Each structure stands twice: as structure tokens, then as C-alpha cells.
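Chains, contacts and geometry: an overview
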Amino acid sequence: MDKLVINGGNPLFGSIEINGAKNAAVAILPAAIMASSDICSIDNIPNIEDVHCIERILSSLGCKIKTGRNSVVIDSTDIVSMDANTNDVRKMRASYYLIGALLGRFKEARVELPGGCPIGVRPIDQHIKGFEALGARVEIKHGCVIVKADKLVGTNIFFDVVSVGATINVMLAATLAEGITILENVAKEPHVVDVANFLNSMGANIKGAGTEAIRIVGVKKLKGCSYSVIPDQIEAGTYMIAAAACGGEVLVQNIIPKHLESISAKLIEMGAQIIEDGDSITVKSNGKLKGVNIKTQPYPGFPTDVQQPLSALLTVAEGRSIINESIWESRFKHVDELKKMGANIKVEGRTAIIDGVEKLSGAVVKATDLRAGAAMVIAGLIAEGTTEVLSIEHIDRGYPNIEDKFKALGADIKRVSYSK
Ligand code: EPZ
């Protein structure tokens, strides 16, 4: 088992490359099994555990997978099973995309209920509502979602809540339905648009992803394609926040600045300097920033996935900051860990009130989930003394080579193996 050992206090200088987006890749890989002929060759795939997990699940269904350093080639012409029920399926959230993908291509699927970060209840009622509206019968039995349809027929679906997962999952199935599907009250996240673009490269007819409504004209079959995944908005946001927190000057490369506007705006409000240039952003900061209030919201609002990393910075920002977490009801588990380092935070329901302290002090803390892990790394980087971050398997699910990237910027951080 590994932990990260960080000696805090170093400013960050230099440049880093952001990898492909986790939340796009974990939807695009299952979507690739909808190609009934030819191969999908996908580039800019992040080298993270959630991607490896999906690749193992696809292999277990009978896909032939060839992986490169940041690429994967998937041949799913001879899928032998519609039954995804391995340990890997239970481990991760995005395995639910297999339901939409298998339902679209084979009109049936049997997929274990998904796992994922313990950040809230995480229902899938909106996914089910969408599949049923397309004509599928859905049953939950022995912890599995079982879906079957004689045929899928396009229709109008208005989601009750804005859900990234439901928008993508129902879009997958509707791509191979008969006729036209209109999805309304949809998620507009960059990864939703990326999955739609990927499906269109496979021969789908999807318009409007990223707007209020998505219009899908069903096609009979999808073919293979070559595709490159968009840069990771959340990974980029995490490094921008770390640079602002530690002070210094960091060039964050291979990004789409438009996707980062809500994060850039908050960092500017705090007193950091943000300079956009093509596909990169430079963050300059003296490490002494002002507290701000944030409310997490669906895109283009402030992303819930960046709330925890930002909260680490707010612990040492001047004055009071208030965070309202409107997406996930249990996304403050990292607060107790930050308190071990001297943070002054009070949580009341979905609100965290943070009064900035002069300094954090190093401690042994754990990553309670993926983005909580990133928050603890940032806290360790700004703290006085040594911080040990345990349970970093959560971090490895979503951040490629986190210690190498921070080391290259001048941080004193190393991965250490230990036994319990
Ligand atoms: C995706 O989760 C991301 N995961 C999450 O990122 C992210 O936090 C979340 O979207 C919001 O942006 C992946 O893409 C794999 P939702 P998802 O459906 O799709 C409610 C990370 O750190 N809801 O958009 O599961 C739900 O309870 C991870 O990378 C329903 O009520 O989230 C929540 O309050 C963590 N019924 C809200 O909608 C449903 O059927 C948004 O959830 C579905 C969702």
C-alpha cells in the first residue's frame, strides 16, 4: 500500500501538461462497444485506475483491447456477453454507462449496480426513467440492473434533475433507437459534449450537446473511429488551485480555458493572476489570497469536483469563506482531515464555513474520496512540516502521476510503500 509524504512550504514554478478527461474517458470507452464493425482508436486517455478498471470490464465482455501509453484500441465486434458483473463493475460509478451502451447495441444488458466515491446517495432513477421512456423494461434484481427491449423508440424525455450520468447514458441508448429523441433539462458539462462528439464520429446523429436540449436522430448501426479525448477540466482546476495556494508561477498546458472559466473567476476574485493564452493558462500568486464564497452548480457553474481542492486553499485564505455544496450531500468528509491540520471549518448540512488561519500544520491524514485526496495533497503542500496522505488509491483513480507532476513544479512530495 502507498502513501504520499509531503514536506510543505515550497512555491510552485514551471509548467505541466494536463491529461485527458477522466469523466469523458470513462464514458467514451463503454460507448466504444456500440461499434458493431471496425475498431475504435482512442487517444489522450488518462493513465488512471478508473480507466484501467473500465478496460478490464470491457475485456470481460469479450472486447479485444490494446493499450498504449495514453491510447487504447477497442475491437468490440465479437462481444460475447451482455452481463457485466465483475468486482470492477461494483467498484466504480461509470460502469453504469455499460447499461446504455449494451442496451443500445444489443437491446439488453445486465449490469451490477455501480459503486464510486462515497459523496452522497447517488440514485440512478433518471437513467431508468430515460431507458423506460425509450421502451426498455428495467428491473433491479439481486443488486443488478436488468434492461431489455424488443426495440427502442425515440421520444421526448425531460429529466427531473440535471444529471451528467443520466444525460450520457440515455443519449447512448437513444443513438441506436428508431426515430428522434429529444432530451431536455440535460447536463452541459464538457464531457457530455465530448461523448456526443465521439458518438457522431462513430456515425451517430446528435445535435445540441452542451445546450439546453439534445436532439438525437437514431441510426441503425455505429462504426469504429479515431478520436482524441478532451483535456481534464478537473485535473486542470486542481493544479491551478495548487499553484494559487502555494504561490509561484505555473503554466498549465493542454487545456481548454473556456471549460475553466468558473474556476479562473474565483481565483481572480481571491487575488491570483490568471493569464489565458490559447490552450494554456498561467497562474501567478504570492500565496496570500482572500476568502470567497462558492456554490457548486452544474456546468457552467462552479464544479462540485473542484469544491474539495478549493476548500484546502480557503483554509489559509484571509477572512471567512462560505461553501454551499448543492450537488452532493456528503461532500465534506475531508473537512475532519483538514481540521487535523489546524483548519477552522464548521459544517452545517450542505454548507461549510471556513475561517482562514495563518498556517496549516502537517499531519497524518487520509483521502476519504478522490477529490478529497487532491484537497489533502494541496493542504500538505501549503502546510508547515510533514504531511502523510493515506488511502491514496482514491487519488490514483483520477489523477495520473500526481506526485511526479507536483515534483516537477518544485514540490517536496514522494510516494512511499508501507504495510498496514
Ligand atoms: C458525474 O457523476 C461525475 N462522475 C462526478 O465526478 C461529478 O461529481 C458529477 O457528475 C456532477 O458533476 C462521472 O462522470 C463518472 P450526476 P454522476 O448524475 O453522473 C442526482 C469525480 O470526482 N441524481 O450528475 O453520478 C444526484 O444525486 C466524480 O470525478 C438523481 O437524483 O452525477 C446528484 O445530486 C465524483 N438521480 C445530481 O443528480 C439520478 O438518476 C448530479 O448527479 C442521477 C443523479
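Residues numbered from 1 in each chain as written. Predicted model: local features only at pLDDT ≥ 70, side-chain atom pairs only at ≥ 80, totals over all residues. Heavy atoms only, no water.

1. Considerations on the sheet that holds strand 23 (residues 351-355)
Taken in spatial order, the four strands line up as 20-21-23-22 in an open sheet, and their pairing is mixed. In this open sheet, the two strands that pair with only one neighbour each are strand 20 (294-295) and strand 22 (344-348). Sheet analysis places strand 22 next to strand 23, joined by five bridges and oriented antiparallel. By the bridge assignment, Ile345 is partnered in strand 23 with Ile354. Contacting strand 20, strand 21 (320-324) and strand 23, helix 10 (residues 304-314) runs over the sheet at an angle of about 170° to strand 21. (Pairing = 2+ DSSP bridges. Helix = DSSP H or I, 4+ residues; strand = E, 2+ residues; numbered from the N terminus. Contact = heavy atoms within 4.5 Å. Axes fitted to C-alpha atoms, helices over the stretch in contact; angles between N-to-C directions.)

2. Observations regarding the nonpolar core
One finds Ile42, Phe198 and Leu199 to be the most contacted residues of the largest nonpolar core, which totals 79 residues. In contact with Leu199, not counting residues within four places along its chain, are Ala31, Met34, Met171, Leu172, Thr175, Ala204, Ile206 and Leu222. Grouped together as the second largest cluster of nonpolar side chains are 72 residues, Cys117, Leu260, Ile281 and Tyr399 included. (Core = buried A, V, L, I, M, F, W, Y, C linked by side-chain atoms within 4.5 Å. Buried < 20%, exposed > 50% of the residue type's maximum accessible area, 1.4 Å probe, protein only.)

3. Looking at helix 6 (residues 164-175)
With 12 residues, helix 6 should reach 16 Å at 1.5 Å per residue; the first-to-last C-alpha distance of 17 Å fits that figure. Among all positions of helix 6, only Gly165, Ala166, Thr167, Ile168, Asn169, Val170, Met171, Leu172, Ala173, Ala174 and Thr175 are buried. (Expected span 1.5 Å × (residues − 1).)

4. A closer look at the sheet that holds strand 4 (residues 39-43)
The strand order 5-6-4-16 describes an open sheet built from four strands, whose pairing is mixed. The sheet is open, and its two borders are formed by strand 5 (64-67) and strand 16 (226-228), each paired with just one other strand. Strand-to-strand twist across the sheet, computed as the mean angle between neighbouring axes with direction ignored, equals 15°. The sheet strands contacting helix 2 (residues 49-61) are strand 5 and strand 6 (72-75), and the helix crosses strand 5 at an angle near 150°. Sitting on the sheet, helix 7 (residues 190-201) is in contact with strand 4 and strand 16, with an inclination near 165° to strand 16.

5. With respect to the packing of aromatic side chains
Geometry of an aromatic ring pair is reported as the spacing of the ring centres plus the angle between the planes. Applying the stated rule across the entire model yields three aromatic pairs. Look at Phe198 and Tyr227: their rings are 5.4 Å apart centre to centre, the planes differ by 75°, and that puts the pair in the edge-to-face class. Remark: Tyr227 occurs in strand 16 and Phe198 occurs in helix 7; sequence separation between them is 29 residues. Owing to a relative accessible area of 0%, Phe198 belongs among the buried residues under this scheme. By relative accessible area, which is 13% here, Tyr227 ends up buried. Here the guanidinium or amino end of Lys3 rests over the ring plane of Tyr418, the centre of that ring lying 5.0 Å away. Here the guanidinium or amino end of Arg122 rests over the ring plane of Trp328, the centre of that ring lying 4.7 Å away. (Phe/Tyr/Trp six-rings, centres within 6.5 Å; stacked < 30°, edge-to-face > 60°. Lys NZ or Arg CZ within 6 Å of the ring centre and 35° of its normal.)

6. Comments concerning the UniProt feature "binding site: phosphoenolpyruvate" (unreviewed entry) in the protein chain
Taken from the UniProt record, the annotation "binding site: phosphoenolpyruvate" (unreviewed entry) applies to Lys22 and Asn23. Within the secondary structure, Lys22 is located in helix 1 (residues 22-31). A residue is classified by how much of its surface remains accessible, and Lys22, at 8% relative accessible area, is buried. Ignoring sequence-local partners within four residues, the contact set of Lys22 consists of Pro46, Ile48, Asp50, Asp232, Leu370, Arg371, Arg397 and Gly398. (UniProt positions renumbered as here; feature names shortened; annotations may be inferred.)

7. Focus: the pattern of salt bridges
Applying the stated criterion to the full structure yields 26 salt bridges. Salt-bridge contacts for Lys64 lead to Asp78; the nearest nitrogen and oxygen are separated by 3.5 Å. With Lys64 in strand 5 and Asp78 in the loop between strand 6 and strand 7 (83-84), this residue pair connects regions lying 14 residues apart in the sequence. Across the pair Lys258 and Glu261 runs a salt bridge, and its minimum N-O distance is 3.2 Å. (Salt bridge = Lys/Arg side-chain N within 4 Å of Asp/Glu carboxyl O.)

8. Observations regarding the site of the ligand
Of all residues adjacent to the ligand, which total 23 residues, the nearest are Ser163, Val164, Asp305, Ile327 and Arg371. One nitrogen or oxygen atom from the main chain of Val164 is found 2.7 Å from an oxygen atom belonging to the ligand. Coverage of the ligand by the protein chains reaches 90% of its 830 Å² of free accessible surface. Counting residues per element, the ones that place at least two in the shell around the ligand are helix 1, helix 5 (125-133), helix 6, helix 10 and helix 12 (370-382). Take the shell around the ligand: its biggest share by element is three residues, from helix 5. In terms of domain composition, the shell around the ligand takes at least three residues from each of domain 1 (2-18 + 231-417) and domain 2 (22-228). (Near = heavy atom within 4 Å. Polar contact = N/O pair within 3.5 Å; in protein donor to acceptor, adjacent residues only side chain to side chain. Areas by Shrake-Rupley, 256 points an atom, 1.4 Å probe, with all protein chains shown as cover. Domains from an automatic or database assignment.)

9. Some thoughts on the state of the cysteines
Under the counting rule described, the total for this entry stands at zero disulfides. Summary of cysteine pairing: Cys63 is not part of a disulfide, and the nearest cysteine sulfur, belonging to Cys40, is at 9.7 Å. What makes Cys63 buried here is its relative accessible area of 6%. (Disulfide = S-S within 2.5 Å.)

10. Regarding the pairing of strand 25 (residues 386-390)
Residues Thr387 and Val389 of strand 25 are buried on one face, while the alternating residues Thr386, Glu388 and Leu390, pointing to the opposite face, are not. Here strand 24 (residues 364-366) runs beside strand 25; their pairing, made up of three bridges, is parallel. Bridging across to strand 25, Val365 finds its partner in Val389. The β-α-β motif built from strand 24, the intervening helix 12 and the parallel element strand 25 has right-handed crossover chirality. (Right-handed = clockwise from strand over helix to strand, strands pointing away.)

11. Considering the side chain of His334
Counting through the fold element by element, His334 comes out in the loop between strand 21 and helix 11 (335-340). When residues no more than four places from it in sequence are discounted, the contact partners of His334 are Gln307, Gln308, Ser311, Thr368, Ala372, Ala375 and Met376.

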